[in-house]
Amino acid sequence: TSQTRQHLGFIPKKWKADFQRTTFCTLGLIGLVSYQTLLLIATDSFMNRYEREQGPEKEFGLILDPFERTPAAVSGSAPAEIESLEKESGFGPDQAPQSMACVERVLHKCQMYACLKHANGTVTRDKRIMESRDSLFGYPGHFVHRDIDVERKSMTQGGGSRWDAGCAVSDKYKFVYVHVLKSGGSATKEFIRKSLCGEDDADCKRVDEHIVKPVGCSSAVKQYPDYFFFSFARNPFSRMYSMYSMMDGFPKASGKKGPGSVTDEFKFDQFVLKPTERSKHTLMSPSHYIEQSKFLFSSDNCPVFDYLGRLEYYDDDMRTILNHLNATVMLQYMDSNGGRVEPVNTWGSSKKKSKGGDLISAYGSEENVIQKVANDYRRDFELLGYSTRVVPSH
């Protein structure tokens, strides 16, 4: 009946029209969102492919080390920029501002920015670095200037108090050297011992300990907070290959010590991609695999050091440090050796020779290996200013 139909809810025409319009609009909106989503996915896929196919710009590309220094760059300013810096600061050629790494505290963590220290002692932000999108700026190669609220804290990884690890302290020259494993530490310790204690005094026991002595790094920060702390950093890609090569000096199988004794069987890609397998092949301490940043920074990213050299420019940066300390005895010893510090552990360079003589050949085209190193040592890359997209040539 007509009454029954009304109770069963025959919808009025007006309601039907409203419902149809609402349904149409809803379906149209869903279609538009779906189209935009598909467009974004397609664009992202295209850009990823484009970036991969570009030469120097491709992700994890195997290109040369970008930190190519000129003599002027070593001293702190590029030639084309010196004149503008002098005009900006108001000082003459002998008073050009010094490029530094400034540290400020932001949200309970330390952050670095590029700055310039002027002849009158004032410090300003370095606009050249800030305005350059392509510039990589890290602590290595720069003196550190701390804001007043940034104090020196103990590093995350303290190190021991022996000559083969930890810190070396000189009361005479008021410095503390922080030993970072696999970053020129053995060569630096050897240089310090020989220059200050003599070549035949292996543990510096024949000289007064105020000349130099080994000290635990955490203790050194507390006992000598006003001394000059320095160390050296290394490209994480290069450091990883050095770790790998050093296994040949610590084989697990007895009687097999020597070049290739471990690495001929345990390949580099396996070493990187399967870290839990390393202990099956070598007796080398796992402490060598620790990130550099744990030796150099506190847990809140505050640098322990006052100057961090680059291993890639070791001799230049060592001379900068010694000049700053006015360490004449050490400078004289360095000059007597041709102006350089002799390397100690050469496992990496020996192994690279078998791979064509450079690090790019050692890494090959294994992008998964490159990405694994970049991920595992992400904090080192970020704090030290090295690119995760560039494997250096050496």
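Structure first, text after, so check above.
Report on the accompanying structure. Just so it is clear, the structure is predicted and the values come from calculations on it, not from any experiment. (Residues numbered from 1 in each chain as written. Predicted model: local features only at pLDDT ≥ 70, side-chain atom pairs only at ≥ 80, totals over all residues. Heavy atoms only, no water.)

## What about the pattern of salt bridges?
Scanning all chains against the criterion turns up 14 salt bridges. Arginine 146 serves as the salt-bridge partner of aspartate 306, at 2.9 Å between the closest nitrogen and oxygen. Residue aspartate 306 is located in the loop between helix H10 (292-296) and strand S9 (307-310), and its partner arginine 146 is located in strand S4 (residues 142-146); the two are separated by 160 residues in the primary sequence. In this structure, glutamate 291 and lysine 294 form a salt bridge, with 3.7 Å as the shortest nitrogen-oxygen distance. Within the structure, one salt-bridge network assembled from shared partners comprises Arg105, Lys153 and Asp300. (Salt bridge = Lys/Arg side-chain N within 4 Å of Asp/Glu carboxyl O. Helix = DSSP H or I, 4+ residues; strand = E, 2+ residues; numbered from the N terminus.)

## Focus: the sheet that holds strand S5 (residues 167-170)
Ordered in space as S3-S2-S1-S4-S9-S8-S6-S5-S7, the 9 strands form an open sheet in which the pairing is mixed. A single partner strand is all that each edge strand has here, and the edge strands are strand S3 (123-125) and strand S7 (213-215). Neighbour-to-neighbour, the strand axes of the sheet open up by a mean angle of 35°, direction not taken into account. Bridge count between strand S2 (residues 109-117) and S3: 3 bridges; the pairing is antiparallel. Paired with leucine 116 across the strands is threonine 124, a residue of S3. On top of the sheet, helix H6 (residues 185-197) reaches S5, strand S6 (175-178) and strand S8 (228-233); it is set at about 150° to S6, its chief contact. Set on the sheet, helix H11 (residues 314-325) makes contact with S4, S6, S8 and S9; between it and S8 the angle comes to about 180°. (Pairing = 2+ DSSP bridges. Axes fitted to C-alpha atoms, helices over the stretch in contact; angles between N-to-C directions. Contact = heavy atoms within 4.5 Å.)

## Quick word on H6
Its 13 residues give H6 an end-to-end C-alpha distance of 18 Å, which sits within 8% of 18 Å, the value for a rise of 1.5 Å per residue. With 10 of 13 residues buried, H6 is to be regarded as a mostly interior element. Residues of H6 that are buried make contact with S5, S6, S8, H11 and helix H12 (328-336). A positive backbone phi angle near 100° is found at glycine 198, which sits one or two residues after H6. (Expected span 1.5 Å × (residues − 1). Buried < 20%, exposed > 50% of the residue type's maximum accessible area, 1.4 Å probe, protein only.)

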